[in-house]
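What the coordinates show
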Amino acid sequence: MPVDGIVVNVISSNNPAGASVLKVSGYLDTTTASELETALYGLLDRSIYRVVVDLSGVNYISSAGWGIFIGEIKRIRSHGGDLKLAGMVGDVHEVFQLLEFHSILESYPTTQDAIGAFSAKSPS
């Protein structure tokens, strides 16, 4: 059951890159971040380490939301995977740049672009 303010859908990895997509809509803050965290952990617990987070439907991310991505990136990469962000809208992308998260996480205009970046790298 979704928490008010956020909807997270997991789209299976039926693409050539084998990447799973978390499609997020609403806003990410301390009251809603657990929904995203649960979905992400569900993928990681199933050894899915190629993850694209589609943020095209998100209009706000607090430090709690950003913390989920930053907190898990080391674990994901240690398993040969990566987490890529896609479709950030104006204000969200602006904060991403201001916090200099672009030096840690890759972002792409669209989900397809992010999936394509996985395809460009052959699996280890």
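Residues numbered from 1 in each chain as written. Predicted model: local features only at pLDDT ≥ 70, side-chain atom pairs only at ≥ 80, totals over all residues. Heavy atoms only, no water.

Observations concerning the nonpolar core
- Counting residues in each nonpolar core, the largest one holds 30 residues, and the members touching the most others are Leu22, Val53, Leu55, Trp66, Phe69, Leu83 and Leu85.
- Breaking this core down by element, the ones donating at least two residues are β1 (6-11), β2 (20-28), α1 (33-45), β3 (50-61), α2 (63-78), β4 (82-86) and α3 (90-98).
- Those residues in contact with Val53 that lie beyond four places of it in its chain are Leu22, Val24, Phe69, Leu83, Lys84, Leu85 and Ala86.
- With eight residues, the next largest nonpolar core counts Val21, Val52, Ala86 and Phe118 among its residues. (Core = buried A, V, L, I, M, F, W, Y, C linked by side-chain atoms within 4.5 Å. Buried < 20%, exposed > 50% of the residue type's maximum accessible area, 1.4 Å probe, protein only. Helix = DSSP H or I, 4+ residues; strand = E, 2+ residues; numbered from the N terminus. Contact = heavy atoms within 4.5 Å.)

Considering the packing of aromatic side chains
- Applying the stated criterion to the full structure yields three aromatic pairs.
- Taking 6.2 Å as the distance between ring centres and 70 degrees as the angle between the ring planes, the aromatic pair formed by Trp66 and Phe69 counts as edge-to-face. Of this pair, Trp66 and Phe69 both sit in helix α2, three residues apart, which is roughly one turn of the helix.
- Of the residues examined, Trp66 reaches a relative accessible area of 3% and is grouped as buried.
- What makes Phe69 buried here is its relative accessible area of 0%.
- Geometrically, the ring pair formed by Trp66 and Phe96 is tilted, given 5.8 Å between the ring centres and 35 degrees between the ring planes. Pair noted here: Trp66 is in helix α2 and Phe96 is in helix α3, with a separation of 30 residues, a long-range link.
- Judged by relative accessible area, which is 0%, Phe96 ranks as buried.
- Stacked on the ring of Phe118, the Lys or Arg Lys84 has its end atom at 4.7 Å from the ring centre. (Phe/Tyr/Trp six-rings, centres within 6.5 Å; stacked < 30°, edge-to-face > 60°. Lys NZ or Arg CZ within 6 Å of the ring centre and 35° of its normal.)

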